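# An overview of the molecular structure
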Amino acid sequence: MNLAEGDGVFTVSENDVELLRYTYRPDIDAFECPSPSFHPLRTLAGDVVTGNRPHDHRWHKGLAMTASHLDDQNFWGGVTYVRDRGYEVLPNVGSQVHRNFVELAPEGVVEEIDWLTSGGQKWIEERRTMAFTVEPDAWTLDFTSDLRNVRDTPLEFGSPTVHGRELAGYCGFFWRGPRSFEHGEVLASDDQSGPELMGRKASWLAYLGTHDEVDHTSTLLFTPAPDHPEVHWFVRNSPYAVVNPSLAFYDPLHLAPGDTLHLRYRLLIANGSWSRSHLSTRATSYTW
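First, a word on what this report is: a plain description of the structure on this page. (Residues numbered from 1 in each chain as written. Predicted model: local features only at pLDDT ≥ 70, side-chain atom pairs only at ≥ 80, totals over all residues. Heavy atoms only, no water.)

What follows is about the packing of aromatic side chains. Counted under the stated rule, the structure contains 21 aromatic pairs. With a centroid separation of 5.2 Å and an interplanar angle of 40°, the aromatic rings of Phe75 and Trp115 are classed as tilted. On the criterion of sequence distance, the pair formed by Phe75 in strand E7 (residues 73-75) and Trp115 in strand E11 (residues 108-116) is long-range, its members being 40 residues apart. Put simply, the rings of Phe10, Tyr22, Tyr24, Phe38, Phe101, Phe143, Phe173 and Tyr265 pair up and form one aromatic cluster. In this arrangement the basic side chain of Arg176 is found over the ring face of Tyr240, its NZ or CZ atom lying 4.2 Å from the centre. Its guanidinium or amino end placed over the ring of Trp288, Arg266 lies 4.0 Å from that ring's centre, counting from NZ or CZ. (Phe/Tyr/Trp six-rings, centres within 6.5 Å; stacked < 30°, edge-to-face > 60°. Helix = DSSP H or I, 4+ residues; strand = E, 2+ residues; numbered from the N terminus. Lys NZ or Arg CZ within 6 Å of the ring centre and 35° of its normal.)

Inspection of the secondary structure puts Glu126 in strand E12 (residues 122-134). A distance of 2.8 Å separates the side chain of Glu126 from the side chain of Arg128, its partner in a polar contact. Glu126 has contacts with Met65, Gln96, Glu111, Glu112, Ile113, Trp115, Ser145, Asp146 and Leu147, leaving out every residue within four places of it along the chain. (Polar contact = N/O pair within 3.5 Å; in protein donor to acceptor, adjacent residues only side chain to side chain. Contact = heavy atoms within 4.5 Å.)

Here the focus is unusual backbone geometry. Here His39 and Pro40 are connected by a cis peptide whose omega angle stands at -5°. The topology assignment puts Pro40 in strand E4 (residues 37-41). Residues Ser238 and Pro239 are joined by a peptide bond in cis, for which omega reads 5°. Its place among the elements puts Pro239 in the loop between strand E20 (232-236) and strand E21 (242-246). You will see that Asp16, though not glycine, has its phi angle at about 70°, which is positive. For Asp16, a relative accessible area of 84% corresponds to the exposed category. (Buried < 20%, exposed > 50% of the residue type's maximum accessible area, 1.4 Å probe, protein only.)

In short, geometric facts, not functional conclusions.
Written as structure tokens, this is what we have:
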């Protein structure tokens, strides 16, 4: 495995395939919430499994850590849902600013990030850890985010559903799939399946998509750590592919001053279409 860094980006490659590109100093409009993000993510076969700046939501950036509502601020980008009024353009879009790398190596990356409000106030200090593991037909991203409230008052993570919009509870670790993944297959623990998983609980969730141009399918398996705060899934396969193990789907999550919210996810990216039994066996075999 090889890691290369330069000009606000690092990449990780295996056997001449660039598995990921991580942009930690993005040059984008403030309205889109400048933040570190992964795009593209690729399978070992070289197939891209992320979408970036789609025409319907320019602020969707491959795979990213977000907060659609953090008190009155928006760390997701774009419009903000306001109770009884709908989505509005507000002067409340913050940014996540890369401070430095504590570690930057193929074995793992440790990054420090400041969450700044639209007015430039620092509310969160994040320590983000990323590790990568390659197998014969899949590779895994381990992603840990420790979010420390450095404000002197509590912080409230929320979502459009918390603020009154039905089944729109997105907040947190958010993946946008490529356009060809529309109408992909959604599978989850406890024999659950389909977009009906929106707002439900599951210990793991997988998205299986088909690529344009090449005769390939790919599987993404999302698994929050067992000690993660309660997860309800935000998931769609139409009109586009998105997956988010939400922090605050129905109810707000509060973070006291000085406290740290510990989040950990494992994302497996595999060649081909994995069966439910294969996915279940893998997810339940994880050690954390």
